[in-house]
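The primary structure of each chain is shown beneath.
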Amino acid sequence: MDTSVRIMKTAILLSNGCLEYLTGIGKLQIVIFTLDHDEVSEIENEFLLHNDINYFTLWCLSKGVNEVYAKTVPSDHRKIFQKLDISIKTADELQSDYLYNTFILRDEHIHP
């Protein structure tokens, strides 16, 4: 029996129910899935004004987010997340992602 604790928090960036860009100004919906041994143990729904990458990365760290799903991420922002040990998945990488495809059902949500 595996007794190790494996908790992962994934933040999915949405706008109007669709996968959203990491850049931009305006209200951003973020759904955070907490996974415990590959099972969803908690779902949080938050709204942020995300016009500043520094604020957003600090928010991710304060929430314990390990992974962010976004439509696209500029390369300079990706480097910031890498330094903070937060992985990024974009629309192209989510085509076969189990968590994303389980909770986001329509194809138009994933395609840029």
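These numbers come from a predicted model, not from an experiment. (Residues numbered from 1 in each chain as written. Predicted model: local features only at pLDDT ≥ 70, side-chain atom pairs only at ≥ 80, totals over all residues. Heavy atoms only, no water.)

**Student:** Can you explain the packing of aromatic side chains? Please cite residues and give values.
**Tutor:** All told, the structure shown has 2 aromatic pairs when counted by the stated rule. Seen from their ring centres, Phe56 and Trp59 are 5.9 Å apart, and the 20° between their planes marks the pair as stacked. Placement of the pair is Phe56 and Trp59 together in helix H1 (residues 53–63), with a separation of 3 residues, close to one helical turn. Judged by its relative accessible area of 1%, Phe56 falls in the buried class. When its relative accessible area of 8% is taken as the criterion, Trp59 is described as buried. Measuring from ring centre to ring centre gives 6.1 Å for Phe56 and Phe81, while their planes differ by 70°; the resulting arrangement is edge-to-face. (Phe/Tyr/Trp six-rings, centres within 6.5 Å; stacked < 30°, edge-to-face > 60°. Helix = DSSP H or I, 4+ residues; strand = E, 2+ residues; numbered from the N terminus. Buried < 20%, exposed > 50% of the residue type's maximum accessible area, 1.4 Å probe, protein only.)

**Student:** So what's going on with the pattern of salt bridges? Residues and values would help.
**Tutor:** Enumeration over the complete set of coordinates arrives at 4 salt bridges. Lys9 is the partner of Glu44 in a salt bridge, and the nearest nitrogen-oxygen pair spans 3.6 Å. Taken together, the residues span a long stretch of sequence, with Glu44 in strand S4 (residues 39–49) and Lys9 in strand S1 (residues 7–15) at a distance of 35 residues. When its relative accessible area of 17% is taken as the criterion, Lys9 is described as buried. Here Glu44 falls in the buried class, since its relative accessible area comes to 16%. Taken together, the salt bridges that share partners define one network made up of Lys9, Glu44, Glu46 and Lys63. (Salt bridge = Lys/Arg side-chain N within 4 Å of Asp/Glu carboxyl O.)

**Student:** Kindly report on unusual backbone geometry, identifying the contributing residues and their values.
**Tutor:** Residues other than glycine seldom take positive phi values, yet Asp85 does so here, at roughly 60°. Residue position: Asp85 is located in the loop between helix H2 (75–83) and strand S6 (87–89). Judged by its relative accessible area of 68%, Asp85 is exposed.

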